[in-house]
Amino acid sequence: MDDQQRRGQREEHNPAEGSDRETGDRGATGAEGRGGRAGRRAVLLGGGAAALGGLAYVSKDGLGRLWWRMPSHIKPREEGEVDDARADWDGASPSNWRQASRPDDYGIDRIVVHVVQGSYAVALKVFRDPAHGAAAHYVVRKDGHLAQAVRELDVAYHAGNRDYNQRSIGIEHEGWVDRPESFTESMYRSSARLAAGICRRYDIPADRRHIIGHIEVPGADHTDPGPHWDWDRYLHMIEQELRRGR
């Protein structure tokens, strides 16, 4: 069994603020967002039948997702490559995420907003710690500087919910939920630009159903981004960025 297979068997954890384990069976597929879900049915794959608990055939889209979920089918990637050109690469420990081929294996239809409860440097430090058990895809500093710790095609352990980990991208923000001064204009603007790019790449609507706080993840025991996060301001900035890109 290689390291990637071992990681696939681990229980996933909550995001940067803690390391509580997820609930649910690791083997369950869960929802895959806008692309639909495969279901536990028999599928015709490569000319042979792969039984998954039934006799019906899944859709063509479902077959494609199952093909990409096979361990041998992983999208190529290069060390240090980033998905947002503004970001510095500061890779998380492989223990804090798992390799995937999103959006081909799991559709992406959510952005989850986090607050570190600490500094930018602390967030990146714990993401590099294999014992921490959590990481988000991005960290935004107060001055708007951006780091990427996990590629968007991979599943970061940030939401404390396997389904939401698979279908979302996590953005951490330097600061504390009870300190409104943590959330600067530069931070909001940089994060909004990042979120707008993610929305474009995966056709995610820029609304509160699809851009959510960690507190809104089902089963979450965290309160971030907290009462001082200005959702109206943030979504307005994202809409502005999206209009600029048209």
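For the structure itself, look to the data block above.
Conventions adopted
Residues numbered from 1 in each chain as written. Predicted model: local features only at pLDDT ≥ 70, side-chain atom pairs only at ≥ 80, totals over all residues. Heavy atoms only, no water. Helix = DSSP H or I, 4+ residues; strand = E, 2+ residues; numbered from the N terminus. Areas by Shrake-Rupley, 256 points an atom, 1.4 Å probe, with all protein chains shown as cover. Axes fitted to C-alpha atoms, helices over the stretch in contact; angles between N-to-C directions. Parallel < 35°, antiparallel > 145°, perpendicular 65-115°, else oblique. Left-handed = near helix turned anticlockwise from the far one by under 90°. Contact = heavy atoms within 4.5 Å. Nonpolar A, V, L, I, M, F, W, Y, C, P; charged D, E, K, R; others polar. Core = buried A, V, L, I, M, F, W, Y, C linked by side-chain atoms within 4.5 Å. Buried < 20%, exposed > 50% of the residue type's maximum accessible area, 1.4 Å probe, protein only. Phe/Tyr/Trp six-rings, centres within 6.5 Å; stacked < 30°, edge-to-face > 60°. Lys NZ or Arg CZ within 6 Å of the ring centre and 35° of its normal.

> Can you help me understand the overall build of the protein chain in this one?
A tally of regular secondary structure across the protein chain gives six helices and ten strands. As displayed, the protein chain has an accessible area near 11200 Å², and 49% of this comes from carbon and sulfur atoms.

> Sorry if this is basic, but what is going on with the packing of helix α5 (residues 185–202) against helix α6 (residues 231–244) here?
What describes two packed helices is the angle between their axes and the distance between those same axes. Where α5 contacts α6, the two axes come as close as 8 Å, and the packing angle between them is 55 degrees. The angle between α5 and α6 falls in the class oblique. At the point where α5 passes α6, the crossing takes the right-handed sense. Along its contact with α5, which presents Glu-185, Tyr-188, Arg-189, Ser-191, Ala-192, Arg-193, Ala-195, Ala-196, Cys-199 and Arg-200, the element α6 presents Arg-233, Tyr-234, Met-237, Ile-238, Gln-240, Glu-241 and Leu-242. Looking at the contact of α5 with α6 residue by residue, the class counts come to nine nonpolar, two polar and six charged.

> Whenever I open this one, the nonpolar core confuses me. Can you help?
Grouped burial of nonpolar side chains is what soluble globular proteins tend to show. If you look at the biggest cluster of nonpolar residues, it comprises 31 residues, and the most contacted ones within it are Ile-111, Ile-171, Ile-198, Ile-211, Tyr-234 and Ile-238. Among the elements that line this core, the one with the most residues is α5, at nine residues. The next biggest cluster of nonpolar side chains, apart from the first, holds 14 residues, and it includes Phe-127, Ala-135, Val-139 and Ala-147.

> I keep staring at the packing of aromatic side chains and nothing clicks. Help me out?
Aromatic rings considered in pairs are described by the distance between their centres and by the relative angle of their planes. For the structure shown, the criterion picks out six aromatic pairs. Seen from their ring centres, Tyr-188 and Trp-229 are 4.7 Å apart, and the 45 degrees between their planes marks the pair as tilted. Of this pair, Tyr-188 sits in helix α5 while Trp-229 sits in the loop between β10 (211–213) and α6, and the two are 41 residues apart along the sequence. Taking relative accessible area as the criterion, Tyr-188 reaches 1% and is therefore assigned buried. Since its relative accessible area comes to 3%, Trp-229 is described here as buried. We note Arg-208 situated over the ring of Trp-231; from NZ or CZ to the ring centre the distance is 3.8 Å.

Interpretation note: all reported values are geometric properties and have no functional meaning in isolation.
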